[in-house]
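Close look at the chain arrangement
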Amino acid sequence: MSTLDAFLARTRVAYFSMEIALRAEMHTYSGGLGVLAGDTARSCADLRLPVVFVTLASHEGYLRQEIAADGSQIDHPDPWRVADWATPLDAMVGVAVEGRTVWIRPWLYRLAAADGYEIPVLLLDTRLEHNDPRDRGLTDRLYGGDDAYRLGQEIVLGIGGERLLRALGFEVGIYHLNEGHAALLTAALLKRHPHPLEVPAEGQLRYDTEWVREHCVFTTHTPVEAGHDRFDYAMAMRLLGDFLPEDQLKPLAGEDRLNMTRLALNLSGYVNGVAERHAETARKMFPGYVVRAITNGVHAHSWVHPAFANLFQSLAADWAHEPEELVRADQLTDTELWSAHDAAKQDLIDTVARLGGVKLRMDLPILAFARRITGYKRPDLLFSDLARLRALNARHPFQLVIAGKAHPHDEPGKALVHALHAHLRELAGEIPGAFLPDYGLDLARVMVAGADVWLNTPQPPLEASGTSGMKAALNGVLNLSVLDGWWWEGWIEDVTGWGIGASGPASDHANELYDTLEHKVLPRYYQDRARWLGMMRASISKTAPRFNSQRMMRRYAAEAYLR
Ligand SMILES: *Cc1c(COP(=O)(O)O)cnc(C)c1O
């Protein structure tokens, strides 16, 4: 327990997240939200911010994606052994779920910065023999099961997490909720703080909502309505029991359904969206709330290819700690840039050969698309008009690399996985391409560095931020993306990349995408390599200094934690 003592003495902020991408072998994440939480933690360690992270053990992971011969997604559990990476702590707390006591034990993972400085991550575990067999699996499957399973997990995370921090002796001044999944934490805090002045009327205790608001920070991540957790009150009250009476919960969490976003909004004194544009959208979705914007960033040191890391080292020894120093990337020579890019591209080509069985070429540009496969991200936009795509390729040949998982319950998303395979197969003789299975941290690292063009075509305004384009830019990969999320801020036309949808309706995006490829992107790659290299330089020097998680966490610390 001695190292925990050091953590206890210095920790002041608790960051709650349903998922966190700590390392590829730990299957405690599904996608962007978890990768952001992981980059947040890595920057906290770099900057020595006094933060403890709280998440679930997720023994069975999220989803291991297998692709069947016909191109459809087959879902598998993705188990991992917590004991291989974390140590159990000698503490246990109970929470009530459906009238039963569910015991929770934490594991401690020590996340170390490059200089060895460590911050604590607590992985909550209910796989204990003390528990009813029904409850042992609550921390098994990330985003698995039905609504009751999800709410059970949120009780463990929000209410159990708060109790555990207290039981272990953490003195927390600020609680940061990464998305609404942890919103029950605010209710747990409420219960600890009866209103100092009001006398309980008719046996009802009133709570000090102001105290809770002063101590909670809420980051909302999704402008998609369906992305917000909402639970049927009858089911929720069955699980929550007498935790908080329904008539006290409803004014805070919504009259019709228990809405976790509402609950977090009402009980957090600092609320933010994850890009300027997303904050605007969130203000429209939730009128009456002050929603600020702290644009996401990525942990530069984790996402840069070793060949570029070497170049950066020669420019500014401190770049990993101060990515602002990468403004100096303007000084990289054409030869330096191109040979680093060659190394990254060769790694991607090797990976495509290994995982996709397709041989790609160094001398043709690689267009890459990788993210969660779901309707609003429109992964099939590029394939809207195959004849046009073939004509483009006939003039200026290119190659495609695609990856991404659909959530096991997202049938339209799964249909898209299948459709993407069908398109690639149809084009196979002409446009070399591959769909790489089981997108995760390791694959992302290779793809964001080795592509020539990073493609993103969501339906605006539904992309809250997006972060993979930031990782690409850091490696001199040029973004070709719909103007939404972070790209509104990062986009400088013909300098850092190309934007789609500056004007005109979303229904024109496919046309604009083809036009941009035909008239701007591909001719520049083939006919004006000097300007292409200039854009690679600008992509690094104008993007990396801004869209990194050191800057992001300095802003959270200054504006949200120290407010
Ligand atoms: C960065 C990353 C994401 C998020 O990228 P988006 O651009 O938001 O889609 C998702 N999954 C993995 C594995 C990542 O590395």
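Residues numbered from 1 in each chain as written. Predicted model: local features only at pLDDT ≥ 70, side-chain atom pairs only at ≥ 80, totals over all residues. Heavy atoms only, no water.

Counting 88 residues, the largest nonpolar core has F312, F383, L389, M447, W454, L480 and L517 as its most contacted members. If near-sequence neighbours (up to four positions away) are discounted, M447 is found in contact with L348, A368, F369, A370, V401, I402, A403, L436, Y439 and W454. (Core = buried A, V, L, I, M, F, W, Y, C linked by side-chain atoms within 4.5 Å. Buried < 20%, exposed > 50% of the residue type's maximum accessible area, 1.4 Å probe, protein only. Contact = heavy atoms within 4.5 Å.)

Attention now moves to the packing of helix α7 (residues 233-240) against helix α8 (residues 246-253). Packed helix pairs are characterised by how far apart their axes lie and by the angle those axes make with each other. Direction vectors running N to C along α7 and α8 enclose 125 degrees, while the axes themselves pass 12 Å from each other. It follows that α7 is oblique to α8 by the angle criterion. For the pair α7 and α8, the sense of crossing is right-handed. Seen from α7, the contacting residues are Y233, M237 and L240; seen from α8, they are E246, L249, K250 and A253. (Axes fitted to C-alpha atoms, helices over the stretch in contact; angles between N-to-C directions. Helix = DSSP H or I, 4+ residues; strand = E, 2+ residues; numbered from the N terminus. Parallel < 35°, antiparallel > 145°, perpendicular 65-115°, else oblique. Left-handed = near helix turned anticlockwise from the far one by under 90°.)

As a further point, take the pattern of salt bridges. In the structure shown here, the tally under the stated rule is 37 salt bridges. Measuring nitrogen to oxygen at the nearest pair gives 3.0 Å for the salt bridge that ties R277 to D484. Within this pair, whereas R277 is found in helix α10 (residues 276-285), its partner D484 is found in the loop between β19 (478-482) and α18 (487-490), the two being separated by 207 residues in sequence. One continuous salt-bridge network, built from bridges that share partners, spans E98, R100, D135 and R238. (Salt bridge = Lys/Arg side-chain N within 4 Å of Asp/Glu carboxyl O.)

So, on to the pairing of strand β10 (residues 216-219). A regular strand places its side chains so that they alternate between the two faces of the sheet. Burial of the side chains of β10 extends over both faces: C216 and F218 are buried on one face and V217 and T219 on the other. Where β10 meets strand β13 (residues 270-273), three bridges bridge the pair, whose relative direction is parallel. Directly across from V217, in β13, lies its bridge partner Y270. (Pairing = 2+ DSSP bridges.)

The immediate surroundings of the ligand are formed by 13 residues, with W303, R371, T467, S468 and K471 found nearest. A distance of 2.5 Å separates an oxygen atom of the ligand from a polar side-chain atom of S468. Here an oxygen atom of the ligand and a side-chain polar atom of K471 are 2.6 Å apart. For the ligand, whose unbound accessible area comes to 380 Å², protein coverage reaches 94%. Going through the elements one at a time, α2 (32-47), α16 (441-450) and α17 (468-474) are the ones with two or more residues in the shell around the ligand. Within the shell around the ligand, the residues separate by chemical class into five nonpolar, six polar and two charged. (Near = heavy atom within 4 Å. Polar contact = N/O pair within 3.5 Å; in protein donor to acceptor, adjacent residues only side chain to side chain. Areas by Shrake-Rupley, 256 points an atom, 1.4 Å probe, with all protein chains shown as cover. Nonpolar A, V, L, I, M, F, W, Y, C, P; charged D, E, K, R; others polar.)

With that settled, consider the domain arrangement of the protein. Partitioning the protein into domains gives domain 1 (2-296 + 552-561) and domain 2 (300-547). Opposite the 35 residues of domain 1 that make contact, domain 2 presents 40 residues. Between domain 1 and domain 2, roughly 2,900 Å² of surface is buried when both sides are summed, and carbon and sulfur atoms account for 54% of that area. When the area that domain 1 buries against domain 2 is broken down by residue, the three leading residues are Q65, Q73 and R277, summing to 20%. (Domains from an automatic or database assignment. Buried area = accessible area lost by both parts, 1.4 Å probe.)

Moving on: the side chain of T222. Tracing the chain through its elements places T222 in the loop between β10 and β11 (230-232). Residues contacting T222, with those up to four places away along its chain left out, are E179, G227, H228, H278 and A464.

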